[in-house]
Amino acid sequence: MTKRLTLLLLVAAAAFAATAQTARPARLSHPLNYLPADSVMFFKQGDNWRLTALVTDSTVRPEPYAPLHRHAFKKQEADWEARCRDSLNLVGGTGDEQTDPQTAAALRTLDTSARLFLTTGDARYVEALERALTNAVDAGARRDTSATLRRAAARALISAPALIYATGSDGLYVNLFTDCYARFDTPVFQGAIDQVTDMPTTGDVVLRLTPKRNGTPLTLRIRLPQWAAGEVIPASRYDAGARTPLPTVYVNGKDLLTSTTERGYLVIRREWNRNDEVRLTFPLPVLPVSPATSGSDGVRPVALMRGPVAYSGATLPAGRALRASHSPEPDFARAGMDFVPLAGSSVPLSGGTNRDDAEDTGFVAVPYAYFPPHATGRPVLWWPALP
């Protein structure tokens, strides 16, 4: 049963990835609602959104996201289709993520995607807002040269806790994965959800539900991130190579034998008792990302992603390249509370057929948002790589 469910989830994710590039999602009959940002309590690394926002500007306060009415929905959907569906870049903005300013574009991605999700309940919009929030918006609050954009990014960060969960008429959506606790109400369920995870160190996630009364029905929807399947959207722009299996899901220690997927979410419909648990582990491999149009032979550009996080670093010394077949690995010994660097090596471009024996030099990359603001030059996201 474990293999069967894992296969079903993988097939469902592949189908969602295919439709995410084509069909537009239909509007829900009733829009969703995010939880109030201030109602989400963080533990450990998750609190960095609020801390970063308040360090940038201590006067910012959360601003709620409202669902879109029909005319506004059509306009925002058209904007998203034009800007994000095929043009979203690795840091959540548009254009060249290495040379073009990204804060304003990522803020637009975040705002548009957050509102479209409330109207459609479709995970493609959360995929886009997560990338923008994790990378260019966070980076903008830390180091954008415009005071106006830094403040706007700080406001987005302090509002971001609301995006973790959303409620609908029949249940709860789990959109983002971070260590936190929140109380929530639906028309039939009153209670709390405790999310226990050490992401981004590992992909282990525990969701513990506590209803006010045992035996309360609730539809729980858990997003199946495309990055967990080894995919980087949009597929028309990026290629991350091999796909990875999605996680097996356990409810109270037992395999989830029956499930459905809707709009990129795993759907669990059941009656819940106090301290019922859902456990899953998302794969977090380092993905060497190439332009979809690049060939497989010779030197080609490669970017590095792990989960929704894009990595950046310094320019490689002249005449050196990474090895696509030996991606840098997470360096947990140098990990911070809310980020994990990568460590690896580069080799001479002239290594010929003896590349594995060529002299290696150290290589370190850090999450894009954590690139030192006073470092010389712009952060590099693309490096030359040998096969």
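Residues numbered from 1 in each chain as written. Predicted model: local features only at pLDDT ≥ 70, side-chain atom pairs only at ≥ 80, totals over all residues. Heavy atoms only, no water.

Draft legend 1. Representation of the side chain of Arg50 in the model. Along the polypeptide, Arg50 turns up in helix H2 (residues 48-56). Residue Arg50 is classed as buried on the basis of its relative accessible area, which comes to 17%. Those residues in contact with Arg50 that sit more than four places away from it in its chain are Ala37, Asp38, Val40, Phe42, Ile158 and Pro161. (Helix = DSSP H or I, 4+ residues; strand = E, 2+ residues; numbered from the N terminus. Buried < 20%, exposed > 50% of the residue type's maximum accessible area, 1.4 Å probe, protein only. Contact = heavy atoms within 4.5 Å.)

Draft legend 2. Looking closely at the pattern of salt bridges. Across all of its chains, the model carries 19 salt bridges by this definition. In this structure, the salt-bridge partner of Glu81 is Arg24, at a minimum N-O distance of 3.8 Å. Taken together, the residues span a long stretch of sequence, with Glu81 in helix H3 (residues 70-83) and Arg24 in the loop between helix H1 (2-20) and strand S1 (33-34) at a distance of 57 residues. For Arg24, a relative accessible area of 48% puts it in the partly exposed group. With its nearest N and O atoms 2.8 Å apart, the salt bridge here joins Arg223 to Glu130. With Arg223 in strand S8 (residues 216-223) and Glu130 in helix H5 (residues 123-143), the pair connects residues that are 93 residues apart, well separated along the chain. (Salt bridge = Lys/Arg side-chain N within 4 Å of Asp/Glu carboxyl O.)

Draft legend 3. Local environment of helix H6 (residues 147-159). For H6, which comprises 13 residues, the first-to-last C-alpha distance of 18 Å matches the rise-based estimate of 18 Å (1.5 Å per residue) to within 8%. Listed in full, the buried residues belonging to H6 are Ala153, Ala154, Ala156, Leu157, Ile158 and Ser159. (Expected span 1.5 Å × (residues − 1).)

Draft legend 4. Highlighting empty space enclosed by the protein. Applying the stated criterion across every chain yields a total of three cavities of 30 Å³ or more. Empty space within the second largest cavity amounts to approximately 90 Å³. Forming the walls of the second largest cavity are Glu127, Glu130, Arg131, Gln226, Trp227, Glu231, Val232, Ile233, Leu287, Met305, Gly307 and Pro308. Of all the elements, H5 adds the most residues to the lining of the second largest cavity, at three residues. Here the lining of the second largest cavity is built from residues that sort into six nonpolar, two polar and four charged. (1 Å grid on protein atoms, 1.4 Å probe; cavity = no way out; pocket = protein on both sides within 12 Å on 5 of 7 lines; lining within 4 Å. Points joined across faces, edges and corners; volume = space filled by probe spheres on them. Nonpolar A, V, L, I, M, F, W, Y, C, P; charged D, E, K, R; others polar.)

Draft legend 5. Main features of the nonpolar core. Tyr34, Phe117, Val137, Ile268 and Val278 are the most contacted members of the largest nonpolar core, which totals 93 residues. Among residues more than four places away in sequence, those in contact with Ile268 are Leu218, Thr219, Leu220, Ile222, Val249, Val251, Leu256 and Val278. One finds Val286, Tyr311, Ala324 and Leu342 within the second-largest nonpolar core, a separate group that totals 15 residues. (Core = buried A, V, L, I, M, F, W, Y, C linked by side-chain atoms within 4.5 Å.)

Draft legend 6. Examining the pairing of strand S5 (residues 180-185) more closely. Of the two faces of S5, only one is covered, namely that formed by Cys180, Ala182 and Phe184; the face formed by Tyr181, Arg183 and Asp185 stays uncovered. One ladder, built from two bridges, connects strand S2 (residues 41-42) with S5; its direction is antiparallel. The partner of Phe42 across the bridge, within S5, is Cys180. Bridge analysis of S5 against strand S6 (residues 190-197) gives six bridges, and the strand direction is antiparallel. Each bridged residue has a counterpart across the sheet, and for Tyr181 the counterpart in S6 is Asp194. Hairpin connection from S5 to S6: four residues lie between these consecutive antiparallel strands. (Pairing = 2+ DSSP bridges.)

Draft legend 7. The arrangement of the sheet that holds strand S11 (residues 254-255) in detail. If you trace the seven strands from one edge of the open sheet to the other, you get S2-S5-S6-S7-S14-S10-S11, paired in antiparallel fashion. Edge positions in the sheet fall to S2 and S11, since each of these pairs with one other strand and no more.

Draft legend 8. Inspection of the packing of aromatic side chains at higher detail. Across all of its chains, the model carries 12 aromatic pairs by this definition. Relative to Phe282, the ring of Phe177 lies with its centre 4.7 Å away and its plane at 55°, an arrangement referred to as tilted. In this pair, Phe177 sits in the loop between strand S4 (171-174) and S5 while Phe282 sits in the loop between strand S14 (276-281) and strand S15 (286-291), placing the two residues 105 residues apart along the sequence. Each member of the pair Phe177 and Phe282 is classed as buried. Aromatic pair Phe363 and Trp383: ring centres 5.1 Å apart, planes at 90°, arrangement edge-to-face. Here Phe363 is found in strand S21 (residues 361-367), whereas its partner Trp383 is found in strand S22 (residues 383-386), with 20 residues between them in sequence. Classification of Phe363 as buried rests on a relative accessible area of 5%. Above the face of the Tyr370 ring, Arg142 is positioned so that its terminal group lies 4.3 Å from the ring centre. The ring of Trp272 carries the charged tip of Arg270 above its face, separated from the ring centre by 4.8 Å. (Phe/Tyr/Trp six-rings, centres within 6.5 Å; stacked < 30°, edge-to-face > 60°. Lys NZ or Arg CZ within 6 Å of the ring centre and 35° of its normal.)

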